[in-house]
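# Examination of the molecular architecture
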Amino acid sequence: MKAFTPLQGGCQCGAVRYEVRAPTTDIYHCHCSMCRRIHGAAFATFGIAPIESVVYIKGEDNLTRFDSSDGVSRSFCKTCGCQLTIDVAEVPQSRWFTPATLDDGVHPGAAENERHIFVGSKLHWLHLDNVLPQSDEA
Ligand SMILES: [Zn+2]
Ligand SMILES: [Zn+2]
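Here's a quick rundown of the structure. (Residues numbered from 1 in each chain as written. Chains lettered and ligands numbered in written order. Predicted model: local features only at pLDDT ≥ 70, side-chain atom pairs only at ≥ 80, totals over all residues.)

This part takes up the sheet that holds strand β4 (residues 44–50). Strand order in the open sheet made by the seven strands is β6-β7-β8-β9-β4-β3-β10, with mixed pairing throughout. A single partner strand is all that each edge strand has here, and the edge strands are β6 (63–69) and β10 (114–117). For this sheet, the mean angle separating the axes of adjacent strands, direction not counted, is 25 degrees. With six bridges joining them, β6 and strand β7 (residues 72–77) adopt antiparallel strand pairing. Among the inter-strand pairings, Ser69 is bridged to a residue of β7, identified as Val72. (Pairing = 2+ DSSP bridges. Helix = DSSP H or I, 4+ residues; strand = E, 2+ residues; numbered from the N terminus. Axes fitted to C-alpha atoms, helices over the stretch in contact; angles between N-to-C directions.)

Dropping the structure here:
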């Protein structure tokens, strides 16, 4: 088996850096209202990887957490507000990270498990193509 080359990323101001040390299992483009408001964006993209493989390598003490709902704990850079990871109590074996923060626009992989989720909450003015599967839940 080919060795996995770790991916690195970080927040906008550079205070917090992280590494993904195992392949992502899924990529979600989430349209729920919490993700939209927290990111200030039409939807938010997450890569899902084993929790022990998504590791902060710089500035972990510069993170702050916000629970957007029970058991959904989001970590942000205190300085620039960038959201980097989510820990979901229902799936403790996984950590969600924001692959748009990976260096140099690298794709996190797992293309066969990439999909739009919570599309029932999608902004009506946002038009999606039919390339990726869509579901009303995660
Ligand atoms: Zn920052
Ligand atoms: Zn969401």
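Let us look at the sheet that holds strand β2 (residues 17–20). Working definition: the strands of a sheet are paired by backbone hydrogen bonds and lie parallel or antiparallel to each other. The strand order across the open sheet formed by three strands is β1-β2-β5, and the pairing between neighbours is antiparallel. Edge positions in the sheet fall to β1 (7–10) and β5 (54–58), since each of these pairs with one other strand and no more. The mean angle between the axes of side-by-side strands here comes to 30 degrees, regardless of whether they run parallel or antiparallel. Note: β2 against β5, four bridges, orientation antiparallel. When the bridges of β5 are listed, Val20 appears paired with Val54.

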